[in-house]
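This is what each chain is made of:
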Amino acid sequence: MRRVIFVLSLILAFWTTLLLWPQENTLTLAAAGKIPFNAAWGYRFRLAELLNTTNDVPALLQLFRPVGARALCVVLVLLHLPALVRKPPRILLALAGIAAGLSILLFFTLANPALVIARQRVMGGAGLSDGLGLGSGGEKIGITENCLAAINPSDLRAISSLELLEKKSAGALPQIRLIDLKVVEKNYRLLTLKDEKGAPLFSDAARAFARAEILYAQKIQPELLSATRLCLIANFDTAPENETAPFSRAREILEARKKARLDTRVIQLPAGFTNR
C-alpha cells in the first residue's frame, strides 16, 4: 500500500514538473511579489475568474523563491525514489513522505489538469501541447533596462515572453506588469458571431475571458500610459510600429505615449523562440 501511494504521488510529481518546469520566471517572480500570480495563471490557462481577483499569492509559491521551479521539481521527483526501495533508511523514507505531500499540494494548487481543460474550452480545442507549455528550447534573452516593463503573458500559442528572458534579467526589472500586448481588442467583437442557426460560434468561456481581459487591461493601462519610461516586451509577430489597422494594444499604447512625448522602448523577442 505504501508503494502504491508513493507511485501515485510520483506520477503527480512528474505531471507537476511537466507544467511548472517551463514557468520558472513566472513562479519565482510571483513568489517575490513582483507579478500577480492570479493574472499570470489567468492568462496562462485563460481563466476569467482569476484575472480580476485580488492578488492572493498562495503561500506554497514561496517554495520556488530560493531555487526556482526547475530545481524544486527535480528534487521532488528524486526524493520519491527511496520509498520505492524495499528497506529504505527511515530518514530517507521521511523525506520521501514530505516530497509526496508537497507533490500532492502542488498538483491540486498549481498543476491541476482542470486548468488545462479550462484552457481548451476557451481556445476551442487548441493543441494539448499548448496547454502544457511544451516546446523546443533555446537560449534565453538578456536585457538591461531600467523601466516599467509591460510584458506579454502566455499568448495563444502558450508562449510566455516572461519565460523568454533570462531569470536574472527578469528579476532585475524594477517593475513588471503582465498585459496582453498582441491582442487586437476590436477583434473581441468576433466572439459574438453566430452561425446560421443562431448559436454562438465561440464558447461561453471564450467570451467570459475576453470580458475579464478587457477589464483587467483597463485597470493597468493608465499606469502604462503615464509612466516616465516604459518598455513593451513581447515576441511580436509584427513590430508594433510596422502594423496596419486594426492595431494591437501595443501599437495603441505606443501611439498614445508618442503624443504625450513619453519615452517608450519596444523590445522585440524572437517570434520563433519557443522555450515555454
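Bear in mind that the values here come from a model prediction, so they are computed numbers and not experimental data.

Conventions used here
Residues numbered from 1 in each chain as written. Predicted model: local features only at pLDDT ≥ 70, side-chain atom pairs only at ≥ 80, totals over all residues. Heavy atoms only, no water. Helix = DSSP H or I, 4+ residues; strand = E, 2+ residues; numbered from the N terminus. Rg over C-alpha atoms; globule rule 2.2 N^0.38 Å. Areas by Shrake-Rupley, 256 points an atom, 1.4 Å probe, with all protein chains shown as cover. Disulfide = S-S within 2.5 Å. Phe/Tyr/Trp six-rings, centres within 6.5 Å; stacked < 30°, edge-to-face > 60°. Lys NZ or Arg CZ within 6 Å of the ring centre and 35° of its normal. Salt bridge = Lys/Arg side-chain N within 4 Å of Asp/Glu carboxyl O. Buried < 20%, exposed > 50% of the residue type's maximum accessible area, 1.4 Å probe, protein only. Pairing = 2+ DSSP bridges. Right-handed = clockwise from strand over helix to strand, strands pointing away.

## A short note on the overall build of the protein chain
- Across its full length, the protein chain carries 12 helices and four strands.
- Its C-alpha radius of gyration of 20 Å places the protein chain within 12% of the 19 Å reference for a compact globule of 276 residues.
- When the backbone C-alpha atoms are referred to their principal axes, the protein chain occupies close to 70 × 55 × 35 Å.
- Working note: accessible area of the protein chain is about 13,500 Å², and carbon and sulfur atoms make up 61% of it.

## Here's the deal with the state of the cysteines
- Per the stated rule, a full pass over the model turns up one disulfide.
- Shown here is the disulfide that connects Cys-147 with Cys-231, its sulfur atoms set 2.1 Å apart. Where Cys-147 bonds to Cys-231 through sulfur, the torsion about that S-S bond is close to -115°, and the disulfide is left-handed. Of this pair, Cys-147 sits in the loop between helix H8 (128–132) and strand E1 (148–151) while Cys-231 sits in strand E3 (residues 229–234), and the two are 84 residues apart along the sequence.

## Focus: the packing of aromatic side chains
- Following the criterion strictly, the structure yields five aromatic pairs and no others.
- Where Phe-107 meets Phe-108, the ring centres are 4.9 Å apart and the plane angle is 85°; that geometry is what we call edge-to-face.
- In textbook terms, an aromatic cluster arises when at least three aromatic residues are bridged by ring pairs, as seen for Phe-37, Trp-41 and Phe-45.
- Directly above the aromatic system of Trp-41 lies the positively charged group of Arg-44, at a separation of 5.7 Å from the ring centroid.
- Sitting over the ring of Phe-247, Arg-251 keeps its end group 4.1 Å from the ring centre.

## Some points on the pattern of salt bridges
- Summed over the entire model, instances satisfying the criterion amount to 13 salt bridges.
- Ionic pairing is found between Lys-167 and Glu-24, a salt bridge with its closest N-O pair at 3.5 Å. Here Lys-167, found in helix H10 (residues 167–172), pairs with Glu-24, found in helix H2 (residues 24–31); they are 143 residues apart in sequence, far enough to count as distant.
- On the basis of relative accessibility, which here comes to 36%, the residue Lys-167 falls in the partly exposed class.
- Notably, a salt bridge pairs Glu-163 with Lys-140, separated by 3.8 Å at the nearest N-O pair. Here Glu-163, found in helix H9 (residues 161–164), pairs with Lys-140, found in the loop between H8 and E1; they are 23 residues apart in sequence, far enough to count as distant.
- Residue Lys-140 is classed as buried on the basis of its relative accessible area of 18%.
- Three or more residues are tied together by salt bridges with common partners; here these are Glu-145, Arg-229, Asp-263 and Arg-265.

## Some thoughts on the pairing of strand E4 (residues 263–268)
- As judged from the six bridges shared by E3 and E4, these two strands associate in the parallel manner. Considered in E4, the bridge of Leu-232 is made with Val-266.
- Remark: the E3/helix H12 (residues 249–259)/E4 crossover connection has right-handed handedness.

## Remarks on unusual backbone geometry
- In the segment running from Ala-245 into Pro-246, the intervening peptide bond is cis, with an omega of 0°.
- Relative to the helices and strands, Pro-246 resides in the loop between E3 and H12.
- Phi at Arg-46 is positive, roughly 55°, even though this residue is not glycine.
- For Arg-46, the location among the structural elements is in the loop between helix H3 (37–45) and helix H4 (48–51).
- Unlike most non-glycine residues, Arg-261 shows phi in positive territory, near 55°.

## Considering the pairing of E1
- Alternating positions in E1 separate into two faces, Leu-148 and Ala-150 on one and Ala-149 and Ile-151 on the other, with burial throughout.
- In this structure, E1 lies alongside strand E2 (residues 175–178), joined through four bridges in parallel fashion. Of the residues in E2, the one forming a bridge with Ala-149 is Ile-176.
- Across four bridges, the pairing between E1 and E3 is parallel. When the sheet's bridge partners are listed, Ala-149 is paired in E3 with Cys-231.

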